[in-house]
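# Summary of structural features
As a plain string of letters, each chain reads:
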2 protein chains.
Amino acid sequence: MTCTPPELLNWNRLDWNALDAAQREQALRRPAQVTQATTAAAVAAILDEVRRDGDAAVRACTRRFDGIELDDLAVDVDEFSAAESGLPRSLRDAIDEAAARIASFHIAGMTAAYSLETAPGVSCERILRPIRNVGLYVPAGSAPLPSTALMLGVPAQLAGCPNVVLCTPPRRDGSADPAVLYAARRCGVTRVYKIGGAQAIAAMAFGTGSVPRCDKLFGPGNAYVTEAKRQVAVADDGAAIDMPAGPSEVLVIADAGANASFVAADLLSQAEHGPDSQVLLLSNDDALIDAVMAEVELQLDALPRAGIARQALASSRAIRVASIAQALDISNRYAPEHLILALRDARAWLPQVQAAGSVFLGDWAPEALGDYCSGTNHVLPTSGAARFSSGVSVASFQVSITVQEVNPRGIAAIGPCAVELASAEGLDAHRMAVALRLQAVAP
Amino acid sequence: MTCTPPELLNWNRLDWNALDAAQREQALRRPAQVTQATTAAAVAAILDEVRRDGDAAVRACTRRFDGIELDDLAVDVDEFSAAESGLPRSLRDAIDEAAARIASFHIAGMTAAYSLETAPGVSCERILRPIRNVGLYVPAGSAPLPSTALMLGVPAQLAGCPNVVLCTPPRRDGSADPAVLYAARRCGVTRVYKIGGAQAIAAMAFGTGSVPRCDKLFGPGNAYVTEAKRQVAVADDGAAIDMPAGPSEVLVIADAGANASFVAADLLSQAEHGPDSQVLLLSNDDALIDAVMAEVELQLDALPRAGIARQALASSRAIRVASIAQALDISNRYAPEHLILALRDARAWLPQVQAAGSVFLGDWAPEALGDYCSGTNHVLPTSGAARFSSGVSVASFQVSITVQEVNPRGIAAIGPCAVELASAEGLDAHRMAVALRLQAVAP
């Protein structure tokens, strides 16, 4: 163990069983996510502008925020081709490999249509339809994210969505990130627009001359994108959204046998996402916590994004718990986006997990595998939303429609039940709609 | 055919092919649903009051809006027993019968857990968990709705939600509707509170001394309830909601062979829900439209809720189309909550349905069957939300969690792919979390 004092990092190191109820609540509080009133107002202004002026407003925003002048917002065939041919073979292969594995996991989980005779002559069914117009947002702020293009594009393609558009911020030279383009086309997405930020969300929600209007929007983004999604989701002329996105977060439960170097690397790979990312370490072993904190210090120095990670770690916590069972209770209360069980018997603890976006079992499942290529989706509920919502799947790109087909025998069988209930509810026209048919089948 | 002039009802009778684009858009516009600024402000005030003062605020609202003084908001065992024993046997049987059929359809559609080896040594899974704290709202304004208690209570029970609470408005005498209580207990829901309106939504979203705080809220309601759900869904300390609820609506596509009396009864059973309900009739046959309009006039006179239905019909439309195919196109654009295909070959048209909440095939499937007892759920997307969302199912009460379990062989198999992608995205800590493990398995 090194002698680097943990204080260096300004971790909040806590003993859960020494905290009172209020302190415990405080310990699990996410970094304040209050949307600045100025952010909300700025986003509302952008939305109004795009709603009113369409492409002209999008171009003006691109000039203002990205500092470039774009005549053509859409990526054309030549740019796609150039992106593809310019990309290293190893990266193309990695994108193909990840896409195939994501597809295999997502296909296996697709909702099935089904049909059931609920009474003689009454057939009830569920049929599935793709959402017709979907919009994908792929950020490229601090880093372009071809992996996000796969995580959204693969399930959209599997659902069979006929109209898929993708927006991603332009680079300084006015081009789109080539890896994002390659990943998009890999999923059959060829309508890509070089638009970022709130203006991208507005363009897809309201439609512009060049960007078609979308029914539902997907994808992560910065505070402006998140606020724009929130605003279009409640606007009468807006669009549905996949989920309210917040800063990324991981909770690691580690026992005495965990590998401190691995755990530290996992914490850092979350912390480097952004200054508002949150990282929690829960352990029943003081020595392990010491070792992880020391390892974090060691590994931090080698990171290009050390500054960001250091900021994120400042609002993070290392919590000493009495037992692994207690750690699971705390995790269920926090409902983390990512939960790593760095435990000797990780599988045995899985039944205790009640709320999390995605779970990583054991020492050999770093969260980064789920981010890229284990096959699961990396668009996951944050900020505790795992208590009531789930990550993106093919179902996120579909609607389920129920169907009932009834013959005269069927209405005779279940009509009287409906008549009784309609009468109890005082809905006489409901009663009549059934009674008229009952008279017709058995006059 | 009777000679009653259709004008009597102030239907909007239109010929789709005589309309220009703007008129077509106008024809499919829902009755304006602009939330009055006063409604939003009144609801916000109620939410603040309940958030701050808990049960005292709920009691004050109950005094103010329901005109009664309630010491105990919770329904006790005695009230449950009295409700059960006071209910006619025929109604108890109908509730039991409906519950059983709803359960059988919902069970068949439950999402399954699954597991897949996506690479040698990489096992990916989806596991399911019930949402732990759910709140159900069962309206009882113009009519108590025991059927809604079943439509929410049955899937909540199938999902295995450990904590289910139900709010329903008190009656004038301070009791809850006995049929709602019977239906609730039939689904294992025993925590029932006599609270209505925005104060019920606030109590379940924020929690009070007597009402536990809920993660997700379900159920229809009036404009105040809907606005309250909208507000808690975007509040940081609020709760998730099933869907944005709007006024109920039906679209009927009828051909020349349809039974005008049945079609009229179906239109009326939608119209009686409320003055803001919307009803659309599409047909390629003028004589059928004439006959339906005349039948509506005839049947209206016999209805206790004729006044409400008449108001709803005033904003409804009878649209002449050139063909059934055109009617389907229009329906997909409108995305109705309920779609009735009163067609000779209804089943053959089903593949053309792209967006609807629930579909009723043929002459013997009145929408009222789906409302009560065919087995499908009657909590469905309104206001065009069927373009991107689905009705309530067991999945609405669950979360899906993905899991990955990886052994050394697994990280060796897929780690290099993650390393390549992390490098491309400039996320060095992600790369390191994988690379460290790759080194450990193959030094």
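Residue numbers restart at each chain and count upward from 1, following the sequence in its written direction. Chain A is the first chain written and ligand 1 is the first ligand written, with later ones labelled in order. It should be noted that, the model being predicted, local features are given only for residues of pLDDT at least 70 and side-chain atom pairs only at 80 or more, the latter also being counted only at that level, while totals for whole chains, interfaces and linings use all residues. Water and hydrogen atoms play no part in the side-chain values, which are based on all heavy atoms of the structure.

## Focus: the overall build of chain A
We count it as follows: The helix and strand labels rest on DSSP assignments: H or I over at least four residues marks a helix, E over at least two residues marks a strand, and numbering proceeds from the N terminus. Summary of the burial criterion: residues with accessible area below 20% of their type's maximum are buried, those above 50% are exposed, and those between are partly exposed, where the area comes from a 1.4 Å probe applied to protein chains only. Residue contacts are counted whenever heavy atoms from the two residues lie within 4.5 Å of one another. Working definition of accessibility: Shrake-Rupley area with a 1.4 Å probe, residue cover restricted to the visible protein chains. Charge counting follows a simple rule: Lys and Arg are positive, Asp and Glu are negative, and His as well as the terminal groups are ignored. The atom standing in for a charge is NZ when the residue is Lys, CZ when it is Arg, CG when it is Asp and CD when it is Glu.
Helix and strand counts for chain A come out as 17 helices and 14 strands. Principal axes of the C-alpha set define a box for chain A whose edges measure 90 × 60 × 45 Å. Every one of the 443 residues in chain A was classed for burial, and the buried ones make up 61%. Looking at chain A alone, contacts between residues at least 24 apart form 75% of all its contacts between residues at least 6 apart. Surface summary for chain A: the accessible area is close to 15400 Å², and the carbon and sulfur share equals 52%. Within chain A, the 49 negative side-chain charges are centred at a point lying 4 Å from the centre of the 36 positive side-chain charges.

## Remarks on the interface of chain A and chain B
Selection rule: Buried area, as used here, totals the accessible surface that two parts lose on assembly, with accessibility defined by a 1.4 Å probe and the loss added over both. By definition here, a salt bridge exists when the distance from a side-chain nitrogen of Lys or Arg to a carboxyl oxygen of Asp or Glu is within 4 Å.
Contact with chain A, which involves 112 residues of that partner, is made by 112 residues of chain B. When the two sides are added together, the surface that chain A and chain B hide from each other amounts to roughly 9800 Å², 62% of it contributed by carbon and sulfur. By the criterion of area lost to chain B, the three top residues of chain A are A:Trp364, A:Glu425 and A:Arg437, representing 8% of everything that side buries. Taken together, chain A and chain B are joined by 8 salt bridges. For the salt bridge of A:Asp266 with B:Arg437, the shortest nitrogen-to-oxygen distance reads 2.7 Å.

## Focus: the relation of the copies chain A and chain B
So the rule is basically this: We superpose the copies by least squares over the C-alpha atoms of residues that have a pLDDT of at least 70 in both of them.
For the pair chain A and chain B, the superposition axis carries a translation of 0.0 Å, the fit reaches an RMSD of 0.0 Å, and the rotation angle comes to 180°. In short, the pair behaves as if placed about a two-fold rotation axis. Within chain A, A:Thr111 has its C-alpha nearest the rotation axis, a separation of 3.6 Å.

## Quick word on the pattern of salt bridges
Under the counting rule described, the total for this entry stands at 50 salt bridges over all chains. Two residues, B:Glu49 and B:Arg64, come together in a salt bridge whose shortest N-O distance is 2.9 Å. A residue pair is termed long-range when its members are at least 10 positions apart, and B:Glu49 in helix H2 (residues 37–53) and B:Arg64 in helix H3 (residues 55–66) qualify at 15 residues. Using a relative accessible area of 48% as the deciding quantity, one classes B:Arg64 as partly exposed. Overlapping salt bridges bring together A:Arg13, A:Asp286, A:Asp290 and A:Arg320 as one network.

## Some points on the side chain of B:Asp55
Residues and elements named next belong to chain B. This is how it is decided: Side-chain atoms alone can form a polar contact between residues adjacent in sequence; in general such a contact is a pair of N or O atoms within 3.5 Å, and within protein one must be able to donate a hydrogen while the other accepts it.
Within the secondary structure, Asp55 sits in helix H3. Buried Asp55, no salt bridge; nearest opposite-charge side chain is Arg59, N-O distance 5.0 Å. At a separation of 3.4 Å, a polar atom in the side chain of Asp55 contacts the main-chain amide nitrogen of Gly209. Setting aside its immediate chain neighbours within four residues, Asp55 contacts Leu73, Thr208, Gly209, Ser210 and Val211.

## Looking at the nonpolar core
Operational definition: The definition of a nonpolar core used throughout is a set of buried Ala, Val, Leu, Ile, Met, Phe, Trp, Tyr and Cys residues joined through side-chain atoms within 4.5 Å.
Of all hydrophobic cores here, the largest spans 125 residues; its most connected members are A:Ile253, A:Val359 and B:Leu267. Among the elements that take part in this core, helix H5 (residues 89–108) of chain B stands out by supplying 8 residues, more than any other. Each residue touching A:Val359, except ones within four places of it in the same chain, is listed here: A:Leu339, A:Leu341, A:Leu350, A:Val353, B:Ile401, B:Thr402, B:Val403 and B:Gln404. In this structure, A:Ala83, A:Val296, A:Ala309 and A:Ala365 belong to the second largest nonpolar core, which totals 123 residues.

## So, the side chain of A:Glu337
All names here are of chain A. The residue Glu337 is located in the loop between helix H13 (324–334) and strand S12 (338–342) in this model. Buried and unpaired, Glu337 has no salt bridge, with Arg30 as the nearest side chain of opposite charge at 8.1 Å. A polar side-chain atom of Glu337 sits 3.0 Å from the main-chain amide nitrogen of Glu249. Aside from chain neighbours lying at most four places away, what touches Glu337 is Ser248, Glu249, Gln270, Ala356, Gly357, Ser358, His378, Leu380, Pro381 and Thr382.

## So, the domain arrangement of chain A
Convention followed: An automatic or database domain assignment is the source of the domain bounds shown.
Annotation of chain A at the domain level lists domain 1 (6–34 + 246–387), domain 2 (42–242) and domain 3 (407–441). Once you take the C-alpha centre of each, domain 1 of chain A and domain 3 of chain A turn out to be 57 Å apart.

## With respect to the sheet that holds strand S6 (residues 191–193) of chain A
Residue and element names in this part refer to chain A. To keep it simple, the criterion reads: Pairing between strands is defined by DSSP: at least two bridges between the two strands are required. Under this scheme, a helix contributes an axis fitted over its contacting stretch, all axes are lines through C-alpha atoms, and angles between N-to-C directions fall in the 0 to 180 degree range.
Taken together, the 5 strands give an open sheet; going across it, the order is S6-S5-S4-S7-S8, and neighbouring strands pair in parallel fashion. Each edge of the open sheet carries a strand with a single partner, namely S6 and strand S8 (240–241). One ladder, built from 3 bridges, connects strand S4 (residues 133–137) with strand S7 (residues 216–218); its direction is parallel. The residue of S7 that forms the bridge with Gly135 is Leu217. Each of S4, strand S5 (163–167) and S7 touches helix H6 (residues 146–159); the most contacted strand, S4, lies at about 165° to it.

## Comments concerning helix H7 (residues 178–186) of chain B
Residues and elements named next belong to chain B. Taking burial as the measure, the 9 residues of H7 include 7 buried ones, the bulk of the element. Among the residues making up H7, those that are buried are Pro178, Ala179, Val180, Leu181, Tyr182, Ala183 and Ala184. Looking at the buried residues of H7, the elements they touch are helix H4 (77–86), H5, helix H6 (146–159), strand S5 (163–167) and strand S6 (191–193). The N-cap of H7, judged by a side-chain oxygen 3.2 Å from the amide nitrogen of Ala179 a few residues on, is Asp177. Gly188 sits one or two positions beyond H7 and adopts a positive phi of about 80°.

## Digging into the pairing of strand S3 (residues 122–130) of chain A
Across a regular strand the side chains alternate sides, sitting on one face of the sheet and then on the other. Residue and element names in this part refer to chain A. Where burial is concerned, most of S3 is hidden: 9 out of the 9 residues are buried. Of the two faces of S3, the one carrying Val122, Cys124, Arg126, Leu128 and Pro130 and the one carrying Ser123, Glu125, Ile127 and Arg129 are both buried. Strand direction decides the pairing type here: strand S2 (residues 114–119) and S3, joined by 5 bridges, are antiparallel. Bridged to Ala119 within S3 is Val122. Linkage of S2 to S3, two consecutive antiparallel strands, is achieved through a turn of 2 residues, within which Gly121 is found at a positive phi near 85°. In terms of strand pairing, S3 meets strand S14 (residues 398–406) through 9 bridges, oriented antiparallel. Of the residues in S14, the one forming a bridge with Arg129 is Val399.

## Description of the UniProt feature "binding site: substrate" (unreviewed entry) in chain A
Filter applied, for reference: UniProt positions are given in the numbering used here, feature names are shortened, and annotations may be inferred rather than shown by experiment.
In the numbering used here, UniProt assigns the "binding site: substrate" (unreviewed entry) feature to A:Ser248, A:Gln270, A:His273, A:His338, A:Asp371, A:Glu425 and A:His430. Taken along the chain, the residues just named run across 183 residues; in space they spread out, the farthest C-alpha pair reaching 55.4 Å. By the element assignment, A:Ser248 lies in the loop between S8 and strand S9 (249–254). For A:Ser248, a relative accessible area of 14% puts it in the buried group. When residues no more than four places from it in sequence are discounted, the contact partners of A:Ser248 are A:Gln270, A:His273, A:Ser277, A:Gln278, A:Glu337, A:His338 and A:Thr382. One polar contact links A:Ser248 to A:Gln270, side chain to side chain, over a distance of 2.4 Å. Inspection of the secondary structure assignment puts A:His273 in the loop between helix H10 (260–271) and strand S10 (278–283). Ignoring anything within four residues of it in the chain, the contact list for A:His273 reads A:Ser248, A:Arg305, A:Ile308, A:Asp371, B:Leu427 and B:His430.

## Some points on the packing of aromatic side chains
All names here are of chain A. Rules: Centres within 6.5 Å are what make two rings of Phe, Tyr or Trp a pair, Trp counting through its six-membered ring; a difference in plane orientation under 30 degrees is then read as stacked, over 60 as edge-to-face, and the rest as tilted. Charge over a ring is defined by NZ of Lys or CZ of Arg lying within 6 Å of the ring centre and within 35 degrees of the ring normal.
Using the criterion set out here, one finds 6 aromatic pairs over all chains in the structure. When the ring of Phe218 is compared with that of Phe397, the centres are 3.9 Å apart and the planes differ by 15°; the resulting orientation is stacked. Taken together, the residues span a long stretch of sequence, with Phe218 in strand S7 and Phe397 in the loop between helix H15 (367–372) and S14 at a distance of 179 residues. The cationic tip of Arg30 hangs over the ring face of Tyr334; the distance from NZ or CZ to the ring centre is 3.6 Å. In this structure, Arg51 is placed above the aromatic ring of Phe206, and the distance from its NZ or CZ to the ring centre is 4.3 Å.

## Description of the UniProt feature "active site" (unreviewed entry) in chain A
All names here are of chain A. Here, the residues flagged by UniProt with the feature "active site" (unreviewed entry) are Glu337 and His338. On the basis of relative accessibility, which here comes to 5%, the residue Glu337 falls in the buried class. Its place among the elements puts His338 in strand S12. On the accessibility criterion, His338 (3% relative accessible area) is buried. When residues no more than four places from it in sequence are discounted, the contact partners of His338 are Ser248, Glu249, Val250, Leu251, Gln270, Ser358, Phe360, Glu367, Asp371 and Leu380.

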